[in-house]
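Inside the fold
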Amino acid sequence: MSSHIRITPSILNADFSQLDSEIAKIASVSDYIHLDVMDDVFVPNFTFDFDAAAKIIKSSPIPIDSHLMVADVDQIAIDYAQAGSASVTIHAEATHDIRATLKGIRFHGARSALALKPGTEIDGYESYVDEVDMFLIMTVEPGFGGQKFMESMMDKVRRTRKLIGSRPIWLQVDGGISLETIEIAVEAGADTFVAGSAVFNAEDPAQMVIALRERALSSKL
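Fair warning: this is a prediction, and the values are worked out from it, not measured in the lab.

The rules we used
- Residues numbered from 1 in each chain as written.
- Predicted model: local features only at pLDDT ≥ 70, side-chain atom pairs only at ≥ 80, totals over all residues.
- Heavy atoms only, no water.
- Helix = DSSP H or I, 4+ residues; strand = E, 2+ residues; numbered from the N terminus.
- Buried < 20%, exposed > 50% of the residue type's maximum accessible area, 1.4 Å probe, protein only.
- Contact = heavy atoms within 4.5 Å.
- Expected span 1.5 Å × (residues − 1).
- Arc of directions from axis to C-beta.
- Salt bridge = Lys/Arg side-chain N within 4 Å of Asp/Glu carboxyl O.
- Core = buried A, V, L, I, M, F, W, Y, C linked by side-chain atoms within 4.5 Å.
- Polar contact = N/O pair within 3.5 Å; in protein donor to acceptor, adjacent residues only side chain to side chain.
- Axes fitted to C-alpha atoms, helices over the stretch in contact; angles between N-to-C directions.
- Parallel < 35°, antiparallel > 145°, perpendicular 65-115°, else oblique.
- Left-handed = near helix turned anticlockwise from the far one by under 90°.
- Nonpolar A, V, L, I, M, F, W, Y, C, P; charged D, E, K, R; others polar.

Topic: the environment of A71
Position of A71 among the secondary structure elements: in the loop between β3 (64–69) and α3 (73–82). With a relative accessible area of 22%, A71 lands in the partly exposed category. Considered as a pair, A71 and V88 are 17 residues apart in the sequence and their alpha carbons are 15 Å apart. Contacts of A71, omitting those with residues within four sequence positions, involve D39, V41, F42, I76 and A94.

Thoughts on helix α8 (residues 205–220)
Here α8 contains 16 residues, and its C-alpha end-to-end distance of 23 Å stays within 8% of the 22 Å for a straight helix at 1.5 Å per residue. Within α8 the residues assigned to the buried category are P205, A206, M208, V209, L212, R213, A216 and S219. End-on, the buried residues of α8 take up no more than an arc of 165°, which puts them together on one face. Residues of α8 that are buried make contact with β1 (6–9), α1 (19–26), α6 (182–188), β8 (192–195) and α7 (197–200).

Remarks on the pattern of salt bridges
Scanning the model with the defined rule gives 11 salt bridges in all. Put simply, D31 and R213 hold a salt bridge, and the shortest N to O gap is 2.9 Å. In this pair, D31 is assigned in the loop between α1 and β2 (33–38) and R213 in helix α8, connecting sequence segments 182 residues apart. Taking relative accessible area as the criterion, D31 reaches 11% and is therefore assigned buried. Using a relative accessible area of 10% as the deciding quantity, one classes R213 as buried. Its salt-bridge partner being D130, residue R167 comes within 3.2 Å of it at the nearest N-O pair. Note that R167 is positioned in the loop between α5 (154–164) and β7 (170–174) and D130 in the loop between β5 (111–116) and β6 (134–138), a separation of 37 residues in sequence. Look at R167 and you get partly exposed, because its relative accessible area is 34%.

With respect to the side chain of T160
Within the element layout of this structure, T160 appears in helix α5. By relative accessible area, T160 is classed as buried at 0%. When neighbours within four sequence positions are excluded, T160 is seen to be in contact with I122, F135, I137 and L171.

Brief notes about the nonpolar core
With 67 residues, the main nonpolar core has I11, L35, L114, F135 and F193 as its most contacted residues. Setting aside chain neighbours within four positions, we find F135 in contact with L114, I122, V129, T160, L163, I164, I169, W170, L171 and Q172. Among the nonpolar cores identified, the runner-up in size contains six residues, and M38, V43, M69 and A94 belong to it.

Looking at the side chain of S85
Note on placement: S85 falls in the loop between α3 and β4 (87–91). Note on S85: relative accessible area 2%, which makes it buried. Only 2.8 Å separates the side chain of S85 from the side chain of S66, close enough to count as a polar contact. Within the structure, the side chain of S85 is placed 2.9 Å from the backbone oxygen of Y80, a separation counted as a polar contact. The contact partners of S85, leaving out residues within four places of it in the chain, are I57, I64, S66, Y80 and A110.

As for the packing of α3 against helix α4 (residues 98–107)
Where α3 contacts α4, the two axes come as close as 8 Å, and the packing angle between them is 10°. In terms of orientation, α3 lies roughly parallel with respect to α4. In this structure, the crossing between α3 and α4 has a hand that is right-handed. Seen from α3, the contacting residues are D74, A77, I78 and A81; seen from α4, they are T101, G104 and I105. Each residue belonging to the contact of α3 with α4 can be placed in one class, and the counts come to four nonpolar, two polar and one charged.

A short note on the environment of E183
For E183, the location among the structural elements is in helix α6. Among the residues examined, E183 registers a relative accessible area of 28% and is labelled partly exposed. Spatially, the C-alpha atoms of E183 and T120 are 23 Å apart, while their sequence positions differ by 63 residues. When neighbours within four sequence positions are excluded, E183 is seen to be in contact with R215 and S219.

Right, here's the structure in full:
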């Protein structure tokens, strides 16, 4: 996979009753699997409890990017790192001690990531730049798949890219990513893309992952 463009399909729009086969469809062409963990508290939806998520993490043939959309995430984030997640994303809005939690994620062997909802500005979180391996800028309100891409978030992506500078920090966008919108996000500075409905609603999910990557790479030229 390209070290400059990463495609991380979200299984939020996959068939939960056949997750192993759904993941197998796109494993060979994807960089990570994006695991949306929702608790019906921080966001108005529920996906997986820890035991169910841990089984997915353990059985996945490729690394798992665990996106924790849950309240009181500080300890839960450590649990997900210990369970074998390659990357653990916490929301700035749900974390009591951001610095300690990011450090704890790294301590237990996972990449640390900080997510911001659309209404949360990057200003004020610059002090955590050396504790994160990835920033996630939400391009929809977290909680549901299939939402419309918020192009208004691209200014925040640009400002986050400027904050990152030359540091080896990934910049992820999540929400409404498609063949049409991935170019907009690349031009704003994103390099890591969550795609859910675009992939799993496609006739050939693997081919869609390939097409998204090619579109993103061509946008960088």
